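Descriptive structure summary
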Amino acid sequence: MHRPLKNNSLSRVLFSRSPALLLLISLFACVDSGGDSSEQRVEVVNEAAALQAAIDESVDSAIVPAVQDFLRNAQELRASAETFCSTNSETNLLAIQERWRTLFQQWYRLSLYNFGPLNDDIIFPTFTFIDSLRLRGTNYLATVRAEIENDIAIDDPLTDEYYARKTFNRVGLLAVESVVFETSTPEHSNEPVDILAEFDAQPRKCQVLIGLIRQLESRAEQVESGWLTQFKDSELPYRTLFLDGQLEDGTDPIGQLLIASQEFLDYLQARNVVTTAAQVSMFSWEAITATVDEVELLLRGASPASNSIFDVMVATGNQNAVAAVEDSIVQVRQAIADRDPAMLEITLGFLDGNFKREIPDSLEVDLGINFSDGD
Amino acid sequence: MEKFLAPSLRRRDVLLAIAGSTLFAPALPVQASPPISSERWVSAHGGETEDFGLGWVGSGKLGGNASTGFRGHAVLQHPLRPESVIFLPRRPGKTALEVDLSTGTVLRKIHSEQDRHFFGHGCFSSDGSVLFTTEAQISAGLGRITLRDSSSYALLDEWSSFGIGPHDMAALPDGKTLVVANGGILTRPDSGRKALNLPTMRSSLCYLDAASGMLIDEFFVDEPKASIRHLDVASDGTVAFAIQVQREATGHDRLVPLIGAHRPGGALELFAEPEAITFQLKDYVGSVAIANESGLAAYASPRGNIVVFFDLKTGALAGYHQLRDVCGLAVSPAHRAFVITNSFGEMRELDWSTLLERRESRLRLPQIRWDNHLLITAANHTA
């Protein structure tokens, strides 16, 4: 029999949610059944096992679905574009615009996990080809507009190879947004009738649309393949490397997850993303809502039966930290509801701070002394 | 909950060790390999007051560990007593130590004078008789270079550093010149590590006459909020330097080059390309080391989790290596390698020409949190 746990809340979480963890508790209790130190060991081991279970849950219920949904939405956008290009109608234009919005929202969920296959190269990381703004907060709208205008005007065949050669600041979600939400004429009209008229008058614009979307789809496939099939030259999927703690730079999975989250939240504030992203489609608030939804999914788990990060925090006596994070989330959502960019920046800062302090401290995650306190 | 754990061990490290040794496949907490030579790889370490210390690796394992009671920064090998090193405190420390690595004993304590504190770096004169350290004159907020007798540590003299916040310094191969990185940032012990002069800060790279302390020359970078803080000197006198940016004070979000070199007689050269690398350094490069044999300089960014390597002659990127929270950086002549460390107890070797990692040489000491700087002692001590 296992020895009774000292921490009742921990016991509740583990016993109600994971037979595997229960077995682990029992095994350790049997190994050493004497004195207070064995109780200590049981409790310590349980915490690590619970955290590992939460990481497993994060990967399979949040990260991998985000990757898969992004690919699926990219495929659906491509199908929608093909339909539109075969039957140019306002209905089909509105449908493709809606597909873009869905994909953009999905991107703002996936962006929380900007590591591994998304951030796979120091010089030319994949994420920049999807979202050029993310690199340094530079809005390349003028660049993509000029590029689209040029592609319509020239005679070169608009092949996949042609689009694959384009630099990151000429492709991606922003370029597709410009193609489907505005005309390429100097006035850049957002009126569907004007956009339809341009597609009618300029058949190459459909080739531009398909070419850009196929590049996006290709990047989404690459990310999915990296997570689930093979990551770079490792011969293993990134999912395996991540869960096994075999990341090349030695970062442990939970550290990677927390650092990536705080980096994205920091980016959203520092670059005033709500006022710079998706300004043609006017869809940035919804995108940031999707990010907050993803943060909650990551922390709470996919269902009440999940082994979540919040569960581990509660189980280790850090209810106050959980409450602080929840409070930040409420405040971010209120700023979004109020469409208040200044408050959004402030409240995202609170949430970013939670990922730097309350969450890692509660989980006893060490982000490194040089990283946090250099000289 | 923590009472059953040795204070220097993190709880998760302990349980990994427990799990490895009882239930799961064997997983030794320490997987040791080289150094095989008589070199010692020495660094300050520790994350909490009770486990601050000086650790060294030799012959593929932790060779020793001296408790210091305070956080250290740079370590210098004593040129006249090669078994000894000087353990300099992190700013604004007021006590340095001489530690005998052969016994692990603290031989001497070196105290800063009244109204002074150390900045964590120093160097010896070419004949080894003088210990130079970068220090602050607290009341005036001025940078000082303090000279002490390297045997008695008696104060010999004190010079201006010709700037505020002098940090790293080194002696040039000519034996007559010192180079000092004035970080430009004013701090005072009573306000901790807070920068007090961000609007007016100005960093410089200064060359001083090693005999008189006279200013020979000084150089500035264009970005006023860029703080030159670390450096290393090549055998031809080229100085490689590393910068950190006080981003909150810049008022812009432009990329600021963080690494560069200065050749004797030339202007400062900044290695700004490729921009993706500069971006990855995240406004902070914490250490630098030169391998003379390959002509490469290595620059470590713990915020970027990366070490980047540049050819000092061409200024071209030669490669990079990613390691979380990497900062310690030194060159091992015996291994013909760059050695890098991080605060998770890891040590890695990279061939100083090919930059390929020798994965079989990876070393991990989970109970050790290597601090910012690594010293590889010359191999002229007893084994």
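Since the structure is predicted, the reported quantities are computational estimates derived from the model, not experimental observations.

1. A word on the overall build of chain A
Within chain A, the regular secondary structure consists of 20 helices and 0 strands. In chain A, buried positions account for 46% of the 375 residues. Relative to all contacts within chain A whose residues are 6 or more apart in sequence, the contacts with residues 24 or more apart total 72%.

2. As for the nonpolar core
If you look at the biggest cluster of nonpolar residues, it comprises 95 residues, and the most contacted ones within it are Val179, Ala298, Val307 and Phe338 of chain B. Sorting elements by how many residues they give to this core places strand β17 (residues 239–245) of chain B first, with 6 residues. Setting aside anything within four residues of it in sequence, one finds Ala298 of chain B in contact with Val288, Ala289, Val307, Phe309, Leu329 and Phe338 of chain B. Counting 92 residues, the second-largest nonpolar core is a separate cluster that includes Tyr113, Tyr238, Leu299 and Leu344 of chain A.

3. Some points on the sheet that holds strand β27 (residues 363–364) of chain B
Residues and elements named next belong to chain B. Judged by pairing direction, the sheet is antiparallel, and its 4 strands sit side by side in the order β24-β25-β26-β27 without closing on themselves. Looking at which strands have only one partner, the edges of the open sheet turn out to be β24 (326–332) and β27. The sheet contact formed by β24 and strand β25 (residues 337–342) spans 6 bridges and is antiparallel. The partner of Ala330 across the bridge, within β25, is Val339.

4. Some remarks on the confidence of the model for chain A
With 87% of its residues at a pLDDT of at least 70, chain A reaches an overall mean of 88. A low-confidence stretch, residues 1–42 of chain A stays under pLDDT 50, and its non-local contacts, those more than four residues away or across chains, total 57 contacts.

5. Quick notes on the pairing of strand β3 (residues 61–67) of chain B
Residue and element names in this part refer to chain B. Bridging between strand β2 (residues 53–58) and β3 involves 6 bridges; their strand directions are antiparallel. The partner of Val57 across the bridge, within β3, is Leu62. Between β2 and β3, which pair antiparallel and follow one another directly, the connecting turn spans 2 residues, one of which, Ser59, has a positive phi of 55°.

6. Topic: the packing of helix α4 (residues 90–110) of chain A against helix α15 (residues 284–300) of chain A
Residue and element names in this part refer to chain A. Orientation of α4 relative to α15, taken along the N-to-C sense of each, is 40°, at an axis distance of 8 Å. With respect to α15, the element α4 is oriented oblique. Seen from above, α4 lies across α15 with right-handed handedness. In contact with Phe104, Gln105, Tyr108 and Arg109 of α4, α15 contributes Glu286, Ala287, Ile288, Ala290, Thr291, Asp293 and Glu294.

7. Notes on the sheet that holds strand β10 (residues 142–149) of chain B
Residues and elements named next belong to chain B. Read from one edge of the open sheet, 4 strands run β8-β9-β10-β11, paired in antiparallel fashion. Only two strands of the sheet have a single partner each, and these edge strands are β8 (116–124) and β11 (155–160). Geometrically, the sheet is characterised by an average inter-axis angle of 25° between neighbouring strands, direction not taken into account.

8. With respect to the packing of helix α7 (residues 141–153) of chain A against helix α11 (residues 204–228) of chain A
All names here are of chain A. Contact geometry of α7 with α11 gives a least axis separation of 8 Å together with a crossing angle of 125°. By the angle class used here, α7 and α11 are oblique. Relative to α11, the crossing made by α7 is right-handed. Counting all contacts with α7, which are made through Ile148, Asp151 and Ile152, the residues of α11 involved are Arg204, Lys205 and Val208.

9. Side note on the environment of Leu131 of chain B
Residue and element names in this part refer to chain B. By the secondary structure assignment, Leu131 is in strand β9 (residues 130–137). Taking the C-alpha atoms as reference points, Leu131 and Pro199, 68 residues apart in sequence, are found 33 Å from one another. Excluding residues within four positions of it along the chain, Leu131 makes contact with Ile86, Gly122, Phe124, Arg148 and Ser150.

What counts and what doesn't
- Residues numbered from 1 in each chain as written.
- Chains lettered and ligands numbered in written order.
- Predicted model: local features only at pLDDT ≥ 70, side-chain atom pairs only at ≥ 80, totals over all residues.
- Helix = DSSP H or I, 4+ residues; strand = E, 2+ residues; numbered from the N terminus.
- Buried ≥ 20, exposed ≤ 12 C-beta atoms within 10 Å, placed from the backbone.
- Contact = placed C-beta atoms within 7 Å.
- Core = buried A, V, L, I, M, F, W, Y, C linked by C-beta atoms within 7 Å.
- Pairing = 2+ DSSP bridges.
- pLDDT = per-residue confidence, 0-100.
- Axes fitted to C-alpha atoms, helices over the stretch in contact; angles between N-to-C directions.
- Parallel < 35°, antiparallel > 145°, perpendicular 65-115°, else oblique.
- Left-handed = near helix turned anticlockwise from the far one by under 90°.

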